[in-house]
Amino acid sequence: MSQVIVIVGGGSAGWLTAGIIAAKHSPPEDGGPGTRVVLLESPDVPNLGVGEGTWPTMRDTLRRIGISEAEFLRSCDASFKQGSQFIGWKKGQGESYYHPFNAPSGYGNINLAAHWQDAHTETGFGDAASPQGRVCDRGLAPKKPQTPEYAFVLNYGYHLNAGKFVELLRHHCVDTLGVEHRLGHVEGIVAAENGDIAALQLASGETIAGDLFVDCTGFAALLIGEHYNIPFEPQRDYLFNDTALAVQAEYVSEDAPIASVTRATAQSAGWIWDIALPSRRGIGYVFSSQHTSIDKAEDELAAYLEADPTLAEVQPSPRKIEFQPGHRETFWHRNCVAVGVSAGFVEPLEATALVLIERSAEWISEQLPGDSAAMAVVARRFNEITREHWRSIVDFLKLHYVLTERRDSDYWRDHRDTETVPESLQEALSLWRTSVPWLYESNHRIELFSSASLQYVLYGMEFATDTNNSRYRQWSRDAEIASRLIRDNNVQAETLMASLPTNRDLLNRVRHGSAHRQSQLDGCED
Ligand SMILES: Cc1cc2nc3c(=O)[nH]c(=O)nc-3n(C[C@H](O)[C@H](O)[C@H](O)COP(=O)(O)OP(=O)(O)OC[C@H]3O[C@@H](n4cnc5c(N)ncnc54)[C@H](O)[C@@H]3O)c2cc1C
């Protein structure tokens, strides 16, 4: 028997989910068994159209669904992203740190952060643990022209044009993976006797029946929210940001550098993201409307744009996006599962939305239930895992704020108030005062943020763990290895700085078809 999966919504969540499921499950042939994937989107409701930073997981996702990296980079105006840089989060000015995608050297075998902490070195943790920050400082690419597609010298994800990304996914899903694309505005739900969704009622009068319905309708949350009334759990008490002002800024010249990190610069009531694509930058201020006014936020954003000499002078007026930070209590209910913004959304710090879409879609695809008894079990497990993801996202994002020493506005003072820190994070912080985060922080099967990420943020924000206790004495035998790893990182940083092309140079080569082949750059070897 064939199975019909109906995905409602044609934003990044809808098309990524369609692609991930369709790449794994073949469509039925001549009425035989198989999985039909139908994607339905409204011609009247536009996509969110933002969401331009990804994790390295996107490389696997694209490869798995069969898109070539060169095609992706060209058609999505995409560039390489090697992590995030946080500017002004600790004291307000003059300081920054990286959360790079490369794990600290020796990660998994030796806890470099513990030794770095012990050594009281002048070098910041990021530079001691990895060469990636220094490579990013110089706007260099994470690979060489001859490095194969999706492979790397330094780990990377992407910056991309969200609208173009959806177009690429749509073409690929329909032309190559056999996804059926329908246009129609859902006006009602036809319920089955047992409470499942039997079909969707369209404005045209047509109905679309299915076995599993994936709600990718964005903030509308048509199925999970409007139809099933699954409660929404706001997170504004912890993460205050609820408004964004977004612009697309032009470069002053075609050869302006392309940063290979997302820059997150702290402001008086939030932070400004800065994402560099080959043809433009995506820049926006995400802030708390309880802590500032739109006018003041616009002024801060304008000042940021004006201060950058690599940007053209005239900028378009910003687009305003309001959102309620939070997520659903459960995500899979009966034969309906929510993926993307319909399931939840919090500020885009650390770009957690697309990765959660990828994880959710993979899980659905791998665990696709065969009947309704299996559906209930799969739903319960999915809900458990996704709740845990949300807890870890809220804790990890809040971690960026709680260690600030900024006292210049209520926004930063409020972020330090214990009342605004989730209990789970308070607990973890008290543990980290005497214990460096390591492999036992979470259940690895489902973790989003490894202890490597925790270390980069904690020690980037100059958190002090007292390693003068018995736990670390037994590690002293590794001290020599740790010192060597730190020295090797310095040497590697020098070598990479001398051999990696700039981000723009490599992207130009990809665009002109001269990258990803053998022996393109003299003297560059992997
Ligand atoms: C300011 C901002 C910055 C962000 N930055 C990042 C980032 O850097 N990295 C990251 O990972 N994420 C980021 N995100 C999140 C990212 O934008 C979203 O996760 C992503 O766009 C997915 O959106 P979506 O597909 O869930 O919803 P949408 O794009 O809103 O799509 C909803 C779809 O549902 C359809 N629909 C709605 N109603 C109906 C109906 N009645 N009938 C039929 N169809 C319907 C619409 O037509 C549309 O196709 C950011 C978000 C914001 C707000």
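The following refers to the structure shown. Just so it is clear, the model here is predicted, and its values are computed rather than measured.

Basis of the calculations
Residues numbered from 1 in each chain as written. Predicted model: local features only at pLDDT ≥ 70, side-chain atom pairs only at ≥ 80, totals over all residues. Heavy atoms only, no water. Helix = DSSP H or I, 4+ residues; strand = E, 2+ residues; numbered from the N terminus. Buried < 20%, exposed > 50% of the residue type's maximum accessible area, 1.4 Å probe, protein only. Contact = heavy atoms within 4.5 Å. Phe/Tyr/Trp six-rings, centres within 6.5 Å; stacked < 30°, edge-to-face > 60°. Lys NZ or Arg CZ within 6 Å of the ring centre and 35° of its normal. Pairing = 2+ DSSP bridges. Axes fitted to C-alpha atoms, helices over the stretch in contact; angles between N-to-C directions. Salt bridge = Lys/Arg side-chain N within 4 Å of Asp/Glu carboxyl O. Near = heavy atom within 4 Å. Polar contact = N/O pair within 3.5 Å; in protein donor to acceptor, adjacent residues only side chain to side chain. Areas by Shrake-Rupley, 256 points an atom, 1.4 Å probe, with all protein chains shown as cover. Nonpolar A, V, L, I, M, F, W, Y, C, P; charged D, E, K, R; others polar. Arc of directions from axis to C-beta.

**Here's the deal with the overall build of the chain**
Logical step 1: Along the chain, the regular secondary structure elements total 17 helices and 21 strands.
Logical step 2: Here the C-alpha coordinates of the chain stretch approximately 70 × 55 × 50 Å along the principal axes.
Logical step 3: The buried share among the 526 residues of the chain stands at 58%.
Logical step 4: At a minimum sequence separation of 6, the contacts of the chain that also span at least 24 residues come to 77%.

**Some details on the packing of aromatic side chains**
For any pair of aromatic rings, the description rests on two quantities: the centre-to-centre distance and the angle between the ring planes.
Logical step 1: Overall, the coordinates contain 26 aromatic pairs when judged by the stated rule.
Logical step 2: Taking the centre distance of 5.6 Å and the plane angle of 90° together, the rings of F86 and W89 count as edge-to-face. Note on accessibility: F86 and W89 belong to one class, buried.
Logical step 3: Relative to W412, the ring of W89 has its centre 5.5 Å away and its plane inclined at 85°; by these criteria the two rings are edge-to-face. With W89 in the loop between strand 4 (83–87) and strand 5 (96–100) and W412 in helix 12 (residues 410–416), this residue pair connects regions lying 323 residues apart in the sequence.
Logical step 4: On the basis of relative accessible area, W412 is assigned to the buried category, the value being 0%.
Logical step 5: A network of ring pairs unites the aromatic residues F86, W89, Y97, F240, W271, W273, Y401, Y411 and W412 as a single cluster.
Logical step 6: Between R504 and the ring centre of Y251, over which it is positioned, the NZ or CZ distance is 5.2 Å.

**Some points on the sheet that holds strand 21 (residues 344–345)**
Logical step 1: Spatially, the three strands line up as an open sheet ordered 12-18-21, and their pairing is antiparallel. On the outer flanks of this sheet lie strand 12 (232–234) and strand 21, each paired with one strand and no other.
Logical step 2: Here helix 11 (residues 372–402) sits on the sheet in contact with strand 12, strand 18 (326–328) and strand 21, set at roughly 175° to strand 18.

**What about the pattern of salt bridges?**
Logical step 1: The full count for this structure, using the stated rule, is 24 salt bridges.
Logical step 2: Between K24 and E366 there is a salt bridge, with the nearest N and O atoms lying 3.5 Å from each other. Residue K24 is located in helix 1 (residues 12–24), and its partner E366 is located in helix 10 (residues 352–366); the two are separated by 342 residues in the primary sequence.
Logical step 3: On the basis of relative accessible area, E366 is assigned to the exposed category, the value being 51%.
Logical step 4: The residue E52 makes a salt bridge to R280 at a minimum N-O spacing of 3.0 Å. Separated by 228 residues along the polypeptide, E52 in the loop between strand 2 (34–41) and helix 2 (57–65) and R280 in the loop between strand 15 (270–276) and strand 16 (281–287) bring together distant segments of the chain.

**Some words on the site of the ligand**
Logical step 1: Taken together, 32 residues lie around the ligand, and G10, V45, N47, V50 and L354 are the ones closest in.
Logical step 2: The contact in question runs from an oxygen atom of the ligand to an N or O atom on the backbone of V45, over 2.7 Å.
Logical step 3: Here the ligand, which alone exposes 1000 Å², has 97% of that area covered by the protein.
Logical step 4: Going through the elements one at a time, helix 1 and helix 10 are the ones with two or more residues in the shell around the ligand.
Logical step 5: Within the shell around the ligand, the residues separate by chemical class into 17 nonpolar, 13 polar and two charged.

**Side note on helix 2**
Logical step 1: Burial in helix 2 covers these residues: M58, R59, T61, L62 and I65. In an axial view of helix 2, the angular spread of the buried residues amounts to 165°, which keeps them on one side of the axis.
Logical step 2: Just beyond helix 2, the residue with positive phi is G66, at close to 90°.

**Structural notes on the side chain of Q455**
Logical step 1: By the element assignment, Q455 lies in helix 14 (residues 451–460).
Logical step 2: Among the residues examined, Q455 registers a relative accessible area of 1% and is labelled buried.
Logical step 3: Here P437 takes part through its backbone oxygen, which lies 2.8 Å from a polar atom of the side chain of Q455.
Logical step 4: Among residues more than four places away in sequence, those in contact with Q455 are P104, N111, A113, F125, V436, P437, W438 and G460.

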